[in-house]
Amino acid sequence: MNIAFSPCPNDTFVFHAWVHGLVAGAPELNVSYADIDITNNWAAAGEGPEVMKISYAALPWVLDNYALIPCGGALGRGCGPLVLTNHPEANDAAALSGKKVAVPSERSTAYLLFRLWAAQNVPGGIGEVVVMPFDQIMPAVRDGHIDAGLVIHEARFTYQNYGLTLLQDMGSWWEQDTGLPIPLGAIIAHRSLDTAQIAEWTRASVEYAWQHPQQSRPYVMEHAQEMDPDVADSHIDLYVNEFTRDLGEDGYNAIEALLGRAAREGLVPQFDLSLLRK
């Protein structure tokens, strides 16, 4: 079976057992390691592997062909994207009026949250949005090539190393606004497959990772892009949680709230919300 997910520690931790043949009855995986902007585009075009990690924000474009797998993804509290600047005096949303902001993908959950927040809070709106790989955003902000950056993943733990200032935590805003967790990354599988079985194999891989946390470490660090081991551990602890085991009602409610609001505001196409649970 072909699968694509990022080289980030939460994804490699989750899928280590399945990739290494440790999930009973699961087929061998052929893995493509790809940034989420790439997998978002693959899914929207109906290309790429049969199973992929994409942004929840990209689901409206793909649900006709792909089913949401209710485990293995990233959804939680206190784990939202951050808006960063290199101006310590910038302490409110007005600082972004007319400015250039870098984002990791125009179909990322981070960008969707940012758009919803900015519509409520940035007078006159953002000036220009530039898409760039997430690992290039903080250096670009630090060096003054852009005014602010929307960052994800381990940047939550490392942005101070770049001398950057936190302007807004998108997760804190979303949680205060809705009371719900933040939907970040989803696992999807082509509807031609036995998606219930894929969910079982994915959940078994998650359970194995939790039962044998040290066994995945060499694989995680091999793909962690020279990340400090402590940062990798913090990354896993934050993004791999009970919602990774099973979305549950809180998880589904959060996804429906985010995508429903985005559809009403014209940020994503109108779609049948019931497809999220089918």
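Computed from a predicted structure; not experimentally measured. (Residues numbered from 1 in each chain as written. Predicted model: local features only at pLDDT ≥ 70, side-chain atom pairs only at ≥ 80, totals over all residues. Heavy atoms only, no water.)

Engineer: With reference to specific residues and values, describe the overall build of the chain.
Structural biologist: Along the backbone of the chain there are eleven helices and ten strands. A compact globule built from 278 residues should have a C-alpha radius of gyration of about 19 Å, and the chain, at 18 Å, falls within 12% of that. Viewed in the frame of its principal axes, the chain has a C-alpha envelope of about 55 × 40 × 30 Å. Taking all 278 residues of the chain together, the buried fraction comes to 54%. Once the 16 positive and 34 negative side-chain charges of the chain are each reduced to a mean point, those two points are 6 Å apart. (Helix = DSSP H or I, 4+ residues; strand = E, 2+ residues; numbered from the N terminus. Rg over C-alpha atoms; globule rule 2.2 N^0.38 Å. Buried < 20%, exposed > 50% of the residue type's maximum accessible area, 1.4 Å probe, protein only. Lys, Arg positive; Asp, Glu negative; His and termini not counted. Charge placed at Lys NZ, Arg CZ, Asp CG, Glu CD.)

Engineer: Now, about the pattern of salt bridges: what can you tell me, with residues and values included?
Structural biologist: All chains considered together, the criterion is met by ten salt bridges. The salt bridge partner of D11 is K53, with a shortest N-O separation of 2.5 Å. You can see D11 sitting in helix α1 (residues 9-19) and its partner K53 sitting in strand β3 (residues 51-55), a full 42 residues away along the chain. A salt bridge links D246 to R203; its shortest N-O distance comes to 3.0 Å. (Salt bridge = Lys/Arg side-chain N within 4 Å of Asp/Glu carboxyl O.)

Engineer: Residues and numbers for the sheet that holds strand β4 (residues 66-76), please.
Structural biologist: Strand order across the open sheet formed by five strands is β2-β1-β3-β10-β4, with mixed pairing between neighbours. At either end of the open sheet lies a strand with only one pairing partner, and these are β2 (30-33) and β4. This sheet shows a mean twist of 25° between the axes of neighbouring strands, independent of strand direction. Inspection of the sheet shows strand β1 (residues 2-5) paired to β2 by four bridges, in the parallel sense. (Pairing = 2+ DSSP bridges. Axes fitted to C-alpha atoms, helices over the stretch in contact; angles between N-to-C directions.)

Engineer: Tell me about the pairing of β1, and name the residues and values.
Structural biologist: When a strand is regular, its side chains alternate between the sheet's two faces. Regarding the hand of the β-α-β motif, the stretch spanning β1, α1 and β2 is right-handed. Summarising the sheet, β1 and β3 pair through two bridges and their orientation is parallel. In the strand pairing of β3, I3 is matched with V51. (Right-handed = clockwise from strand over helix to strand, strands pointing away.)

Engineer: Any details on the state of the cysteines? Residues and values, ideally.
Structural biologist: Taken as a whole and assessed by the stated rule, the structure comprises zero disulfides. C71 takes part in no disulfide bond, and the closest cysteine sulfur, belonging to C79, lies 17 Å away. (Disulfide = S-S within 2.5 Å.)

Engineer: Tell me about the nonpolar core, and please be specific about residues and values.
Structural biologist: Membership of the largest hydrophobic core comes to 58 residues, with the highest contact counts inside it found for L59, L68, L96, F114, W117 and I255. Broken down by element, this core gets its largest block of residues, eight residues, from helix α3 (residues 109-121). In contact with L96, not counting residues within four places along its chain, are V83, V101, F114, W117, V122, G125, I126, G127, A148 and L167. Within the second largest apolar cluster, 25 residues are counted, among which are I69, C71, W201 and V206. (Core = buried A, V, L, I, M, F, W, Y, C linked by side-chain atoms within 4.5 Å. Contact = heavy atoms within 4.5 Å.)

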